[in-house]
Amino acid sequence: MRVPFEWLCELTGIEASVDDVATRLTNAGFEVGAIHRAGEHWDRIVVGEVVRIDPHPNADRLNLPTVNTGSEEVQVVCGAWNFEAGDRIAFAPAGARLWDPYADEPVLKELKPTRIRGVVSRGMLCSTKELGISDDHEGILVLDPDAPLGRPLAEALGGEVLEFELKANRPDALSVLGIAREAAALYGTPVRSPIPDDRAGEHGPSQPVQLQIDDPSLCARYSAALVHDVKVGESPAWIRDRLEQAGVRPISTIVDATNYVMLELGQPLHAFDWDTVRGGFIGVRTPRPGERLVTLDGQDRELTPETLCIVDAEGPVALAGVMGGLDTEVTDTTATVLLESATFDPVSIRRTAHRLNLRSEASRRFEKGLPPELTVLALRRCVQLIEEIGAGRGEFLTADAYPEPSDPTPVSLEFDRIERLMGVAYDRGEVRQALSSLEFGLDEDGDELRVTPPFWRRDMTAPADVVEEVARLVGYERIPDTLPTGQVMDLAPGEIDERDDEARDIMAGLGFAECVTYALTSEARMARLVPPDLLDAPPDSPLGDADAWAEVRETAMNDAGRSLTDRLLPLDREPLRLRNPLSMDENVLRLTGLGTMLETLRANRRHADRDLLLFDYQPSFLARDGDLPEEPNFLTAVIGERVSADRWNETVTVELPFVRGVVDELLSRSGVPAEATSHDDLQHPTFASGASAAVAYRGRLLAAYGEVDAEVAEAFDLDERSWALLVDMPAVREASAGPPRFSAWSEYPSALRDLAIVVDGDVTQADVSDAIVRAGRPLLQSARLFDEYRGEQIPPGKRSLAYALSYAAPDRTLTDKQADRAHNRVVRALQHRLGAELRG
Amino acid sequence: MQERLDALLTSARAELAAAADDAALEQWRVTHLGRRSVLTGLLRSVGSLPREERREAGQAANAARRELEEALEARQTELRRGADGAQVDVTMPGYPVRLGSLHPLTRTLREIRRVLAPLGFRAVSGPEVEWDRYNFELLNIPADHPARDMWDTFHIDDKARPGELLLRTHTSPVQARVMEQIRPPVRVIVPGKVYRYEDRDASHEAEFMQVEGLAIDKHITMADLRGTLTYFVRAMFGPDRELRIRASYFPFTEPSAEAEMSCHACNGDGCPVCGGTGWIEILGSGMVHPKVLADVGYDPDVYQGFAFGMGVERIAMLKYGVTDIRSFYRNDLRFLRQLR
């Protein structure tokens, strides 16, 4: 909310500087977000008068006003038409600085003489936006006819405006008077209320106005005042200036007066042309079936049953608290006005304003909940103002419906409650002083304090509310620094697992850079994980965008043989969708982070040709019926084609065993030893077949890794072979054997034997190493593969594997003979079980 | 004796000159200075010489040994310099070390946890997709309350329960979840991702991280809150930081306070980092609202405590001098390596 500083001073008598007032109000909870100083940059701008307006010879949409600046006459080129010869305007000569009305961010620009369509313009007539007074750039600012010609504009129009960032709990502060009350309490000065006393001797309504509230829970109070002999015209400059400074556009006397009172007191008012209201009747109710209303914006609206309406004898005339009706609008010919001042249900107004997207200064105030006591005070002030500016003469109150009056409830608290909550003492005098400066009624009974808030402070409901008032009025500087003492708490539910930290550390140690990615993604991005040739309408084809995911799911269902459906890459599931996405590029919660990570890989590939090792450790979202979704932390890693080797410019090409090394290290450090897991071919369309594997522990899938399918890589615009690793970390936790266990080794020297064998192509390395381990017991300590060979030196279809074996006994040094015997058992086992041949 | 030594030295020098690498030098050392070398043999045999010759022979043999050792050392140095006599260039870069990195947000979160752990705060987490009840209602923000405008919310499209599922807008729902399950004393921090329906720019994100703090017991006061926050900003940003708090409003705290610290970049003198004010807004906080306590079954006449919440990106931006919040989610390796 924007509050002109001089207005605030008028209601408080404060003489402090604007900065001091802003600081003290901010510290007390009324945050001043900005101080606008209109006129700060107006060093060369003056009040000018338009002498005449000539047509532009070369452009119909431009004109050529000649301006008397008080010292000379200057011709300029202008695109606005909302002024006449004789008007006083704000004139900026070349060299003045103005706010650029077309820039996104506020920026000051120096005005230079320019030639526009062949005519030189030596200055400018300013709009309020160019002056920095408001955001209004429709037409130039026409000043009061009394504005002193040739004087600096700052003298005619300057002043500071405080912009408050107000909180939801203080509807009373959405008014100059509300802010003034706070400021007055802080400075210890009395408030100068602008509300006139009730007029003695005013008797009986001039005309009958019948009021009816159908449901007091939707409208607690409805008060009305008639104004006769209405003169609709331009308001005096002081009203227009204050409205402009507060960010409200002046319109005409009656509307300006209602807006002025809304700004001043916080109570929105509405003016009806009384002669258009049928039957001398105003009611507040929800609409009957089929009722419609043409609102001020010209829209013919069908009224939904929950829309609170103002009606006359025949039907709706306004949307309560949100927008008036066109038929009852105050116009130039209006003779009698009915001023409405009402207390509507905040929830009802909020819903209507949100639903119709018609949030206004008025609806914002109603939404926060206004006190019913305010309606009659606002009417008095408004009628007085209208009379003061000669726009009519009225009654302070013509009719009032207030079916269920309610008084603010007092709050009781013990004095020592304040110290108990704040951790510092406040003496009773201070407490009394603070609360009474805010116009709270006080009633003491021993140690107990009964506080009756003024009617505008309905936010006071509990002792803690009162404590806050005392603390902020005295100032938070009073509060000292102490540290909490007391017992340590029990283990908390949902405690963060240290092993999540460890998993990140392990991946960083293995060369991966951690990424933190968005949980929101698009269906198209996930659908790109399926090779386009499997889909009828791939996501990037013209048909593909809308239903990309439905297409994937259908394929997943029909193609169950290719295991599209594991939870690590659950292509058969429905993702959680947002009802209100920011864009279609992030309309669902991810089922997998792989799509996002492949995009991240691609983005980094633009500036790096090696060492692209990235991982992400954030949840995926798997919907569950009737419950919150499961949010498993899946680890997703991606790897580019080349990584650095051990000299400056050497790289190695990533192959499957490179990724396997990462998997084994991560799993074994997480408590699942590599030898406990099984690795099988992964049949998944996202991965290249024959270059990908699934890792299982006792039949449960822990991880999947391998080369990204070439078509998928292409869909992500990757120009090289790329690799991916997905790990179900919660499953790994469950498979974990816990901390590693110590086991003793032989203290005697080991006997080393190498072994190279040739086996058929369908014999796996796992078959061979299992056979070695089994046959080598109990002396075999380890068997390390050190070579794989296929090629000319061995028969086609076969391959050679070479291992380094180490034998030792727990209680003695093995003799060569004993080691040979053990080794020969291994060789024979391989020959018999796997048909292996020893290689020379 | 001396003749044999001279012959030995002559041939040893010639062989040494021919030795061109470390392996050859080692071979040479074994041959000429090792346990089985001729020279070692000669030295051993000194004892068997007639007494009057022993002294001279011993000195000669030891001198020869020293000479060979020095020659070896000189040859080693010579070889290290290379053929053209140039020294090894110690300014050559090291071979690439492939060590990864933790994301700056992870590092900042860990630092926050580490700083607060000694005060007894345990780190807990909660779901990112939440019920309206936890995200709002149990925090004293009923449906249609104007305070809901403080959080622009993403709603989940859920036909079965329209309007109930949402993306949490703050980590505060975990407060209620923890308190529902355990009795005081409670002392937790809650790090995690939160979501706001908000267009992104340099200082706004639709997805970002928060850390929530909550301490409930019989005697926890606003002074304890202030002390905790002062301790926190000094541990994070240096012992010279000053804290100031001012009145504010959150529906789930009463009294509420906004906390600012003196700018760590200019020490409070005013600079671009703090917008010239010398102070930086760092978090929101307050004493937990009695209604929030009552709604989870705590007696607000017995128990009280404080809560605070901060944006992790904001802390990281201040710490690392990052100026665009979106950088954290772009995951550009150049960014990640700089801040590793």
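The rules behind the values
Residues numbered from 1 in each chain as written. Chains lettered and ligands numbered in written order. Predicted model: local features only at pLDDT ≥ 70, side-chain atom pairs only at ≥ 80, totals over all residues. Heavy atoms only, no water. Salt bridge = Lys/Arg side-chain N within 4 Å of Asp/Glu carboxyl O. Helix = DSSP H or I, 4+ residues; strand = E, 2+ residues; numbered from the N terminus. Pairing = 2+ DSSP bridges. Axes fitted to C-alpha atoms, helices over the stretch in contact; angles between N-to-C directions. Contact = heavy atoms within 4.5 Å. Polar contact = N/O pair within 3.5 Å; in protein donor to acceptor, adjacent residues only side chain to side chain. Parallel < 35°, antiparallel > 145°, perpendicular 65-115°, else oblique. Left-handed = near helix turned anticlockwise from the far one by under 90°. Nonpolar A, V, L, I, M, F, W, Y, C, P; charged D, E, K, R; others polar. Patch = residues over 30% accessible without salt bridge, like charges linked within 9 Å, V, L, I, M, F, W, Y side chains within 5 Å. Areas by Shrake-Rupley, 256 points an atom, 1.4 Å probe, with all protein chains shown as cover. Lys, Arg positive; Asp, Glu negative; His and termini not counted. Charge placed at Lys NZ, Arg CZ, Asp CG, Glu CD. Buried < 20%, exposed > 50% of the residue type's maximum accessible area, 1.4 Å probe, protein only. Buried area = accessible area lost by both parts, 1.4 Å probe. 1 Å grid on protein atoms, 1.4 Å probe; cavity = no way out; pocket = protein on both sides within 12 Å on 5 of 7 lines; lining within 4 Å. Points joined across faces, edges and corners; volume = space filled by probe spheres on them. Disulfide = S-S within 2.5 Å.

Caption draft 1: Summary view of the pattern of salt bridges. Scanning the entire structure with this criterion turns up 92 salt bridges over all chains. A salt bridge links Lys291 of chain B to Asp295 of chain B, with the nearest nitrogen and oxygen atoms 3.1 Å apart. One end of the pair is Lys291 of chain B and the other is Asp295 of chain B, both in helix 9 (residues 290–295) and 4 residues apart, which spans about a single turn. One network of salt bridges, in which partners are shared, links Arg170, Asp172, Glu182, Arg457, Asp459, Glu469 and Arg472 of chain A.

Caption draft 2: Focus on the sheet that holds strand 26 (residues 441–445) of chain A. Residues and elements named next belong to chain A. Across the sheet, 3 strands lie side by side as 25-27-26; this open sheet has antiparallel pairing. Of all strands in the sheet, those bounded by a partner on one side alone are strand 25 (411–414) and strand 26. Geometrically, the sheet is characterised by an average inter-axis angle of 25° between neighbouring strands, direction not taken into account. As paired elements, strand 25 and strand 27 (residues 448–452) share 4 bridges and run antiparallel to each other. What sits directly across from Val411, in strand 27, is Val451. This element, helix 12 (residues 428–437), spans strand 26 and strand 27 of the sheet and lies at about 150° to strand 26. Sheet strands in contact with helix 13 (residues 463–474) are strand 25 and strand 27, and its direction is about 70° off that of strand 25.

Caption draft 3: Molecular detail of the environment of Glu586 of chain A. Examined against the element boundaries, Glu586 of chain A turns out to sit in the loop between helix 16 (548–558) and strand 30 (588–589). For the pair Glu586 of chain A and Trp81 of chain A, spaced 505 residues apart in sequence, the C-alpha to C-alpha distance is 46 Å. If we skip the residues at most four places from it in the chain, Glu586 of chain A touches Leu520, Thr521, Ser522, Leu578 and Pro581 of chain A together with Arg200 of chain B. At a separation of 2.8 Å, a polar atom in the side chain of Glu586 of chain A contacts the side chain of Arg200 of chain B.

Caption draft 4: Inspection of the packing of helix 1 (residues 2–18) of chain B against helix 3 (residues 38–45) of chain B at higher detail. Residues and elements named next belong to chain B. Where helix 1 meets helix 3, the axes come as close as 11 Å, and the angle between the chain directions of the two elements is 160°. As far as their axial angle goes, helix 3 and helix 1 are roughly antiparallel. Seen along the crossing, helix 1 lies across helix 3 with a hand that is left-handed. Note on element contacts: helix 3 touches helix 1 through Val38, Leu39 and Leu42, opposite Arg4, Leu5 and Leu8. Taken together, the residues of the contact of helix 1 with helix 3 break down into 5 nonpolar, no polar and 1 charged.

Caption draft 5: Representation of a positive patch on the surface. Residues and elements named next belong to chain A. The grouping of Lys817, Arg821, Arg825 and Arg828 at the surface amounts to a positive patch. As for its position among the elements, Lys817 is in helix 22 (residues 816–834). Given the relative accessible area of 66%, Lys817 is considered exposed.

Caption draft 6: Looking closely at the interface of chain A and chain B. Opposite the 93 residues of chain A that make contact, chain B presents 99 residues. Where chain A abuts chain B, roughly 8,300 Å² becomes buried across the two surfaces, and 56% of that area is made up of carbon and sulfur atoms. Our count for the contact surface shared by chain A and chain B stands at 11 salt bridges. Ionic pairing is found between Glu586 of chain A and Arg200 of chain B, a salt bridge with its closest N-O pair at 2.8 Å. Applying the counting rule to chain A against chain B returns 49 residue pairs in polar contact (both at pLDDT 80 or more). With 6 residues, the top contributor of residues to the side of chain A that touches chain B is helix 14 (residues 498–509) of chain A. Broken down by class, the residue content of the side of chain A that touches chain B amounts to 44 nonpolar, 21 polar and 28 charged.

Caption draft 7: View of the layout of surface pockets. Residues and elements named next belong to chain A. Roughly 1,600 Å³ of volume is contained in the second largest pocket. Together, 40 residues line the second largest pocket, and Arg660, His679, Gln765, Ala766 and Ser769 are the ones closest to its centre. Listing elements by their share of the lining of the second largest pocket, those giving two or more residues are helix 18 (656–669), strand 37 (678–681), strand 38 (687–697), helix 21 (765–776), strand 42 (780–789) and strand 43 (798–807). Here the element with the most residues in the lining of the second largest pocket is strand 42; it accounts for 9 residues.

Caption draft 8: Empty space enclosed by the protein, seen in detail. On inspection of all chains with the given rule, the structure shows 4 cavities of 30 Å³ or more. Within this model, the largest cavity holds a volume of roughly 120 Å³. As for the largest cavity, its lining consists of Arg417, Arg420, Leu421 and Ala464 of chain A together with Glu254, Met287, Val288, Pro290, Leu293, Pro300, Tyr303 and Gln304 of chain B. Those elements that provide at least two residues to the lining of the largest cavity are helix 11 (416–422) of chain A together with strand 8 (279–288) and helix 9 of chain B. Tallying contributions element by element places helix 11 of chain A first for the lining of the largest cavity, with 3 residues. Looking at the lining of the second largest cavity residue by residue, the class counts come to 8 nonpolar, 2 polar and 2 charged.

Caption draft 9: Geometry of the state of the cysteines. All names here are of chain A. As enumerated under the stated definition, the model contains 0 disulfides over all chains in all. Left without a disulfide partner, Cys78 is nearest to the cysteine sulfur of Cys126, which lies 10.0 Å away. Counting only cysteine sulfurs, Cys309 is the nearest neighbor of Cys219, a cysteine outside any disulfide, at a range of 12 Å. For Cys219, a relative accessible area of 1% translates into the label buried.

Caption draft 10: The arrangement of the sheet that holds strand 37 of chain A in detail. Residues and elements named next belong to chain A. The mixed open sheet is built from 7 strands, whose spatial order is 28-31-34-40-39-38-37. A single partner strand is all that each edge strand has here, and the edge strands are strand 28 (513–515) and strand 37. Going across the sheet, the axis of each strand differs from the next one's by a mean of 20°, ignoring polarity. Judged from the 6 bridges that link them, strand 34 (residues 633–639) and strand 40 (residues 723–728) form a sheet pairing that is antiparallel.

Caption draft 11: Up close: a negative patch on the surface. All names here are of chain A. Residues Glu414, Asp416, Glu419, Asp445 and Glu448 make up a contiguous surface patch of negative charge. With respect to the helices and strands, the residue Asp416 is situated in helix 11. The exposed category is assigned to Asp416, whose relative accessible area is 54%.

Caption draft 12: Region of interest: a nonpolar patch on the surface. Residue and element names in this part refer to chain A. Together, Val294, Leu296 and Leu326 make up a nonpolar patch on the protein surface, roughly 200 Å² of accessible area in all. Inspection of the secondary structure assignment puts Val294 in strand 17 (residues 292–294). Looking at Val294, the relative accessible area reads 31%, which means it is partly exposed.

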